Amino acid sequence: MPENGPARIACDAMCGGLARWLRALGHDAFYREGIDDAELVELARREERLVISSDGKLFERKLIASGQVAGLMLPRGLRLLEQVEYVMRRLRLPVLQARCTQCNGRLVPATREEVSADVPARSLVWAREFYRCSGCRQVFWDGTHWRRIQAVRRRFAQLHESDAAAPPPKGEEPERDE
Ligand SMILES: [Zn+2]
């Protein structure tokens, strides 16, 4: 995956929450409820995505074991934001323009007029930024939920600065497909 660009990731059927956060942090994260491992790995091969899973069996599949598909094993027992931090660190992912958390589509800035039919009147008055998803057409604006996401985005944006100050971890090279 390109250095400092959006990662192309395929999350397994257990990692829906992780996929939504990776999208909020600007990464192209595929997730589909109930997808089976074979289908997931084949999709990752076709779309050149890195597979994330905490299911050890998945990594024994030929495409991954042979290195044709990159994979990152997610340790079990992590809470959701710990999973996000693990992935951001291991893959050294930057924080980029957020994508749609629902469908992984790109968010396009929109004017107040353009979204007036889709935003509650009260929010329409005080919100200053609006975005529409180019995929599912959902509208996002800088409301309470958005502010929580922004706080997490700021935290992860500083992640690699603190990493740079610390000595490099031993044997912790992230898997990459270069
Ligand atoms: Zn969407």
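In what follows, the structure referred to is the one given above.
Residues numbered from 1 in each chain as written. Predicted model: local features only at pLDDT ≥ 70, side-chain atom pairs only at ≥ 80, totals over all residues. Heavy atoms only, no water.

**Things to note about the coordination of the zinc ion**
Heads up, the rule is: Only nitrogen, oxygen and sulfur atoms count as donors, using a 2.8 Å cut-off from the metal that widens to 3.2 Å for Na, K and Ca. Water is left out, so coordination shells may look unfilled. Square planar and octahedral sites, with four and six donors, are those where opposite donors lie more than 155 degrees apart and all other angles lie between 65 and 115, tetrahedral sites have four donors with every angle between 85 and 135 degrees, and the rest are irregular. Elements are defined by DSSP. Helices are runs of H or I of four residues or more, strands are runs of E of two residues or more, and each kind is numbered from the N terminus. Think of it in three bands: residues with accessible area under 20% of the maximum for their type are buried, residues over 50% are exposed, and the middle band is partly exposed, with areas taken using a 1.4 Å probe on protein chains only.
In this structure, C100 (SG), C103 (SG), C133 (SG) and C136 (SG) serve as the protein donors to the zinc ion, at separations of 2.3 Å. Bound by 4 donor atoms, the zinc ion shows angles of 96 to 117 degrees at the metal and therefore tetrahedral coordination geometry. If you list the donors of the zinc ion from N- to C-terminus, the spacing comes out as C-x2-C-x29-C-x2-C. In this pair, C100 sits in the loop between α4 (80-90) and β5 (107-110) while C133 sits in strand β6 (residues 130-133), placing the two residues 33 residues apart along the sequence. Comparing C100 with C133 shows no difference in burial state: the two are buried.

**What to know about the packing of α4 against helix α7 (residues 144-157)**
Spelled out, the test is: Axis geometry follows a simple rule: fit a line to the C-alpha atoms, using only the stretch in contact for helices, then measure angles between N-to-C directions, giving values from 0 to 180 degrees. Two helices cross in a left-handed way if the nearer one is turned anticlockwise from the farther one by less than a right angle. They cross in a right-handed way if the turn is clockwise. Any pair of residues with heavy atoms lying within 4.5 Å of one another is described as a contacting pair. Classification convention: Asp, Glu, Lys, Arg as charged; Ala, Val, Leu, Ile, Met, Phe, Trp, Tyr, Cys, Pro as nonpolar; all other residues, Gly among them, as polar.
Packing of α4 against α7 leaves a shortest axis separation of 11 Å and a crossing angle of 35 degrees. The element α4 and its partner α7 pack so that their crossing is right-handed. Counted together, L81, V84, E85 and M88 of α4 and V152, R155 and F156 of α7 form the full contact between these two elements. Split by residue class, the contact of α4 with α7 holds 5 nonpolar, no polar and 2 charged.

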